[in-house]
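Architecture at a glance
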Amino acid sequence: MSSTAAATHDASLYNQDLAAIPLEKRTWGTYNYASLWVAMSVCIPTYMLASGLIAGGMSWKQAIGTILLGNLIVLVPMILNAHAGTKYGIPFPVYVRASFGVRGANIPAVLRALVACGWFGIQCWIGGQAAYSMLRVLWPGAASNAAMPWICFFAFWLLNIAVIWRGIETIKFLEGVGAPFMLGVGLLLLWWITRKAGGLGPVLSMPSKFKTTSEFFHFFIPSLTGMVGFWATVALNIPDFTRYAKSQKAQMVGQALGLPTAMTLYSFIGVAVTSASAVIFGQAIWDPVALLGRFNEPVVASIALVALLIATLNTNVAANVVSPSNDFSNLNPRLISFRTGGLITGVIGILMMPWKLLTDFNSYIFGWLVGYSGLLGPIAGIMIADYFVVRSKTLNAEALYRRGGPYEYANGFNYRALAALAQGVIVALVGLLVPTLHWLYDYAWFVGFLVSAISYVVLMGKAQTGVTQPAQATSL
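Observations regarding the overall build of the protein chain
The number of helices and strands found in the protein chain is 24 helices and zero strands. Carbon and sulfur atoms form 68% of the exposed surface of the protein chain, whose accessible area is close to 17400 Å².

Concerning the layout of surface pockets
Counted as a void, the second largest pocket has a volume near 150 Å³. What lines the second largest pocket is a set of 10 residues, and nearest its centre among them are Met48, Trp125, Gln129, Asp287 and Leu358. The dominant element in the lining of the second largest pocket, judged by the number of residues it contributes, is helix 7 (residues 106–138), at three residues. Counted by class, the lining of the second largest pocket contains seven nonpolar, two polar and one charged residues.

A short note on unusual backbone geometry
Note: most peptide bonds trans; most residues except glycine with negative phi. For Met353, which is not glycine, the phi dihedral falls at a positive 50°. Note on placement: Met353 falls in the loop between helix 19 (338–351) and helix 20 (354–357). You can call Met353 partly exposed: its relative accessible area is 37%. A positive phi is found at Lys393, a non-glycine position, where the angle reads about 65°.

What to know about a nonpolar patch on the surface
A contiguous nonpolar surface patch, about 200 Å² in accessible area, is contributed by Met206, Val279 and Ile280. Mapping Ile280 onto the fold places it in helix 15 (residues 248–281). On the basis of relative accessible area, Ile280 is assigned to the partly exposed category, the value being 32%.

Describing the pattern of salt bridges
A full pass over the atoms with the stated rule returns two salt bridges. With a closest N to O distance of 2.8 Å, Arg391 and Asp386 form a salt bridge. Neither residue differs from the other here; Arg391 and Asp386 are each classed as buried. Put simply, Glu408 and Arg403 hold a salt bridge, and the shortest N to O gap is 2.6 Å. Residue classification places Arg403 among the partly exposed positions, given a relative accessible area of 31%.

Thoughts on the side chain of Glu408
For Glu408, the location among the structural elements is in the loop between helix 21 (361–390) and helix 22 (415–429). Residue classification places Glu408 among the buried residues on the basis of a relative accessible area of 12%. At 2.6 Å, the side chain of Glu408 forms a polar contact with the side chain of Arg403. Residues within four places of Glu408 in sequence aside, it is in contact with Val102, Arg403 and Phe413.

Brief notes about the packing of helix 7 against helix 9 (residues 148–166)
Running from N to C, helix 7 and helix 9 cross one another at 125°; their axes reach a closest spacing of 7 Å. In terms of their interaxial angle, helix 7 and helix 9 are classed as oblique. Both helix 7 and helix 9 take part in a crossing whose hand is right-handed. When helix 7 is examined against helix 9, the residues Phe120, Gly121, Gln123, Cys124, Trp125, Gly127, Gly128, Gln129, Ala131, Tyr132 and Leu135 are found in contact with a partner set consisting of Met148, Pro149, Trp150, Cys152, Phe153, Phe156, Trp157, Asn160, Ile161 and Ile164. Grouping the constituent residues of the contact of helix 7 with helix 9 by class yields 15 nonpolar, six polar and no charged.

With respect to the environment of Trp150
Mapped onto the fold, Trp150 is located in helix 9. The class of Trp150 is partly exposed, set by a relative accessible area of 38%. Sequence separation of Trp150 and Gln129 is 21 residues, and the distance between their C-alpha atoms is 8.6 Å. The contacts of Trp150, once residues within four sequence positions are left out, are Trp125 and Trp355.

Some words on the packing of helix 12 (residues 213–230) against helix 24 (residues 444–460)
Interaxial distance between helix 12 and helix 24 falls to 8 Å at its minimum, and their mutual angle equals 65°. Taken together, the axes of helix 12 and helix 24 are roughly perpendicular relative to one another. Only Ala444, Trp445 and Phe446 of helix 24 make contact with helix 12, whose side of the interface consists of Leu224, Thr225 and Val228.

A short note on the side chain of Ser267
Summarising the element assignment, Ser267 is placed in helix 15. Not counting residues within four places of it along the chain, the set of residues in contact with Ser267 comprises Thr46, Ala50, Ile64 and Ile67.

Some words on helix 24
Three- or four-residue spacings in an α-helix give side chains the same orientation, since the helix completes a turn every 3.6 residues. The end-to-end C-alpha distance of helix 24 is 24 Å, a good match for the 24 Å that 17 residues give at a rise of 1.5 Å each. Just beyond helix 24, the residue with positive phi is Gly461, at close to 60°.

Things to note about the packing of aromatic side chains
The final tally for this structure, using the stated rule, is 28 aromatic pairs. Taking 6.0 Å as the distance between ring centres and 70° as the angle between the ring planes, the aromatic pair formed by Phe210 and Phe216 counts as edge-to-face. Residue Phe210 shares its accessibility class with Phe216, and that shared class is buried. Seen in terms of ring centroids, Trp445 and Phe446 are 5.5 Å apart; in terms of plane orientation they differ by 90°. Their pairing is edge-to-face. For the pair formed by Trp445 and Phe446, the shared burial category is buried. Site record: aromatic cluster; members linked through ring pairs are Trp37, Trp119, Phe230, Trp231, Trp368 and Tyr372.

Structural notes on the environment of Asn316
Within the secondary structure, Asn316 sits in helix 17 (residues 298–319). For Asn316, a relative accessible area of 0% translates into the label buried. When the C-alpha positions of Asn316 and Met40 are compared, they lie 7.8 Å apart, and in sequence the two are 276 residues distant. Excluding residues that lie within four positions of it along the chain, Asn316 makes contacts with Trp119, Phe120, Gln123, Cys124, Asn160 and Val321.

Remarks on the nonpolar core
Core analysis: the biggest nonpolar cluster contains 146 residues, and Met78, Ile90, Trp119, Trp231, Tyr364 and Leu369 have the highest contact counts within it. Per-element tally for this core: the top contributor is helix 21, with 16 residues. Not counting the four nearest positions on each side in its chain, Met78 is found in contact with Trp37, Trp231, Val234, Ala235, Ile238, Gln255 and Leu259.

The rules we used
Residues numbered from 1 in each chain as written. Predicted model: local features only at pLDDT ≥ 70, side-chain atom pairs only at ≥ 80, totals over all residues. Heavy atoms only, no water. Helix = DSSP H or I, 4+ residues; strand = E, 2+ residues; numbered from the N terminus. Areas by Shrake-Rupley, 256 points an atom, 1.4 Å probe, with all protein chains shown as cover. 1 Å grid on protein atoms, 1.4 Å probe; cavity = no way out; pocket = protein on both sides within 12 Å on 5 of 7 lines; lining within 4 Å. Points joined across faces, edges and corners; volume = space filled by probe spheres on them. Nonpolar A, V, L, I, M, F, W, Y, C, P; charged D, E, K, R; others polar. Buried < 20%, exposed > 50% of the residue type's maximum accessible area, 1.4 Å probe, protein only. Patch = residues over 30% accessible without salt bridge, like charges linked within 9 Å, V, L, I, M, F, W, Y side chains within 5 Å. Salt bridge = Lys/Arg side-chain N within 4 Å of Asp/Glu carboxyl O. Polar contact = N/O pair within 3.5 Å; in protein donor to acceptor, adjacent residues only side chain to side chain. Contact = heavy atoms within 4.5 Å. Axes fitted to C-alpha atoms, helices over the stretch in contact; angles between N-to-C directions. Parallel < 35°, antiparallel > 145°, perpendicular 65-115°, else oblique. Left-handed = near helix turned anticlockwise from the far one by under 90°. Expected span 1.5 Å × (residues − 1). Phe/Tyr/Trp six-rings, centres within 6.5 Å; stacked < 30°, edge-to-face > 60°. Core = buried A, V, L, I, M, F, W, Y, C linked by side-chain atoms within 4.5 Å.

What follows is the structure in structure tokens.
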């Protein structure tokens, strides 16, 4: 974006981190997006997602099928929301101004940012515990200190902050280099532990614990919502990444190849390793850090834990830093840069006490994942309905950075969008308060998405607000 154009922007809506990326500076190809998803998928929360389903009673086929279906479903809003990022080179908090208004966009941006802060804290906690487990193997004397788990946690937190400080290109480098390595180590871990259990045969022969179809679906429905909720955050802020794409084809093919494939493959590793733990120890151990602590083999444990640390770092900075940093910057672009937004993310991540969110698989899947999906599903529904139904994929990109333009609505707020958001959230989460309507909570993301999307289209009527100019010359 030229300096002349930048001069016409409202300073409260614009800085260099939020500016549209011109075509000549978009360098991400199909491999970058595929490797991004491999790197984000190969992490301990993905493993725990799969192992939690096994611990909850599913067979390996049921668990893998649930995860694959969930990721195919979430791939749809992912690619739909990615389109505007690539076409106009704009990040999520700027894109969402079209539907919520130039000031109202802060509401969905902050909601999404707070969820990302929770994930950032979870990943840092997991990474710190992995570092502590490795220390217990290599230096038992130091590990006996009661403060050591917290020291490891904050040390890993500082490592994440250092990567944030170096910026987006460091993240791109980490994803491209780390993805193939981490998959290889994951497969090596799978080979090693199944050999301990006597091969894949005994591991994959464990039956489902559900005796009836009704019992299975009672567990399956909220689990599927949790699978969708797992990536519901990135389904909103995917423009933060696709604004760097060389073409629509590059981001679409890269995501379609990377997300469902990587999630299913690494989930299979989590399923198989957890099943193997049940064969070896008589109980399904869903936490890989706790599992590795059961094996008294320092070399194997150290290699595996180093791999888990790299995987956690990769996922954290890509999935849980880029978006909230931009979102917090959007609150006050003059004072909050990408780096400052990343520091805010780190601090809030600690304040959300991630150790409580990982108490057991129930609080992780049915509390954390399903719960916040009821907040993010409605936002996704409004964004997609606005871009594809109301505006037919046409935005006035320059006006997204100005006050008083087509996205001003009422003093910067589109109250129709806020009303649709409130309706979707209330319907999705009412089941927490009304037991007879708990099934709505089980479908939280889906219910919120549909209610808000339909409500938004109805409230907007035939108004094509914002479609006053054709697509900009910098679009794809």
